[in-house]
Amino acid sequence: MTPPQNFDLKSLIACPKCDALYRVGPVEKGDQAKCLRCRTVLYARRRDAGLIIISTALASTILVIAALFLPFIEISRLGFKNGSTLIDAALAFYGGPLFVLSLAVIGSIIALPLTRLFLTLYTLTPLVLNRPAWPGAKRAFRLSETLRPWSMAEIFLVGCAVSLIKLTDLARVELGPAFWMFVSVILLMAIQNSFMCRWSVWKALER
Amino acid sequence: MIVTARDKGLVCCQSCARVWPIDQPHCGACGTRLRSRDQMSLQRVWAWWIAGVLAYIPANLYPMLHTRTLLHSSEDTIIAGAFEIAAHGSIIVAGIILGASVIIPLCKFFAIAYLALAVTRGAHWPARRQFVLYEVVEFIGRWSMIDVFVVAILCSVVQLSVAASIAPGVAALAFACSVIFTMLSAQSFDPRLIWDRIETPPTKDAT
Ligand SMILES: [Zn+2]
Ligand SMILES: [Zn+2]
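It should be emphasised that the depicted structure is a prediction, and the values quoted were computed from it without experimental measurement.

**Digging into the nonpolar core**
Logical step 1: In terms of nonpolar packing, the biggest core is built from 67 residues, with Phe72, Leu86 and Phe156 of chain A together with Met145, Phe149, Val158 and Phe175 of chain B touching the most fellow members.
Logical step 2: Among the elements that take part in this core, helix α5 (residues 146-157) of chain B stands out by supplying ten residues, more than any other.
Logical step 3: Val27 and Tyr43 of chain A together with Val45 and Ile112 of chain B belong to the second-largest nonpolar core, a separate cluster that totals 32 residues.

**A look at the coordination of the zinc ion (ligand 1)**
Residues and elements named next belong to chain A.
Logical step 1: Here the zinc ion (ligand 1) is held by Cys15 (SG), Cys18 (SG), Cys35 (SG) and Cys38 (SG), and the distances to it run 2.2 to 2.4 Å.
Logical step 2: Given four donor atoms and angles of 98 to 117° at the metal, the environment of the zinc ion (ligand 1) is assigned as tetrahedral.
Logical step 3: For the zinc ion (ligand 1), the donor residues sit on a single chain with the sequence spacing C-x2-C-x16-C-x2-C. A residue pair is termed long-range when its members are at least 10 positions apart, and Cys18 in the loop between β1 (12-14) and β2 (21-23) and Cys35 in the loop between β3 (32-34) and β4 (41-44) qualify at 17 residues.
Logical step 4: On the basis of relative accessible area, Cys18 is assigned to the buried category, the value being 0%.
Logical step 5: You can call Cys35 buried: its relative accessible area is 1%.

**Looking at helix α3 (residues 91-121) of chain B**
Logical step 1: Where α3 of chain B bends most, at Gly99 of chain B, the angle is about 45°.
Logical step 2: Just beyond α3 of chain B, the residue with positive phi is Gly122 of chain B, at close to 90°.

**Points about the coordination of the zinc ion (ligand 2)**
Residue and element names in this part refer to chain B.
Logical step 1: Donor atoms from the polypeptide that coordinate the zinc ion (ligand 2) comprise Cys13 (SG), Cys16 (SG), Cys27 (SG) and Cys30 (SG), at 2.1 to 2.3 Å from the metal.
Logical step 2: Relative to the metal, the four donor atoms surrounding the zinc ion (ligand 2) lie at angles of 104 to 117°, and the coordination shape comes out tetrahedral.
Logical step 3: Donor residues for the zinc ion (ligand 2), ordered by position in the chain, follow C-x2-C-x10-C-x2-C. The burial state of Cys27 is the same as that of Cys30; both residues are buried.

Calculation notes
- Residues numbered from 1 in each chain as written.
- Chains lettered and ligands numbered in written order.
- Predicted model: local features only at pLDDT ≥ 70, side-chain atom pairs only at ≥ 80, totals over all residues.
- Heavy atoms only, no water.
- Core = buried A, V, L, I, M, F, W, Y, C linked by side-chain atoms within 4.5 Å.
- Buried < 20%, exposed > 50% of the residue type's maximum accessible area, 1.4 Å probe, protein only.
- Helix = DSSP H or I, 4+ residues; strand = E, 2+ residues; numbered from the N terminus.
- Donors = N, O, S within 2.8 Å, 3.2 Å for Na, K, Ca; no water.
- Tetrahedral: all angles 85-135°; square planar, octahedral: opposite > 155°, others 65-115°.
- Bend = angle between axes of the 7 residues up to and from the residue.

Structural data, given as structure tokens:
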């Protein structure tokens, strides 16, 4: 990459984090470019990325929906038993003055991850099939990017582990099936994220 | 020598990295609003920063959890809760909780304030190191939500009628607000401002 001389805008790329300007040649699959100044990855195209993203997103969607109705932690103490599903955890604050927190928890561990999965599928499916993008695809992808920091499924999982240890001296605790489903969702999402090249998606949406 | 988009009379789109003439209001590829430098950035950073600090105070003063078992009932603030866990022997978990709920938020307040002051007043740190600090703050901010999730999980799981029950305290809401406000503060910061100060060309260089 070299500093640009003329002003053919389509062949230029600027680092969103530091404004450094570069010229891009034809980008092949497997190519990666980092900003020379701040090391931000400008693009990273990977082979079969679209297909991998779609399949992991589909699998995660199914797992998240199934996990909603299964217990992820079960405890018992003195003969009393209680299992808690994700929905129970999200609604823990419901009814009291802290119900706002319920909304935040539902949003960050269920609603936003699901919305992002859906938006990703909506944006990328036609692109992978070499069809023209579906209407509103640009807005869908932009929304999905805005929501990214607010979808906190992986943080919830660490929270689970911490509560488990907190609970061990209060009662007998067991991890339910939903916990392990959520673990696989997090892994799938990590794979999906590592294959996602935002620059390439925008490039493809423009056509 | 790095050439920036602004040097060439261009503006970079912060979501798709495409480049446009500097007076264009919206990105032609993805529709994001274009700003060469976000002039309002620092004002928003400080506004959210103050909100975050203010919410953090009640988060530490009021109880996070009301625990009730057959024998006794207790109310725990964040710090008291962590020390109680440490007293039970789980030093690592106590460390995670203290790290996520006390050390990370405090470091974030200082880091964001430092970055914002560095942009206006200048700083000892080189731009590269300031940028690394910015990226760390952006990455780590969400993880403070762990404690809120732990409260949600504990409250939903531990509902064993008379044997044991846990209810959320006001501090959980204040703490969640503090985390969200601080995330918004960090997101408002325009990292391109970090690099602008070093862009004045050195006078000793004749070329
Ligand atoms: Zn850069
Ligand atoms: Zn754009």
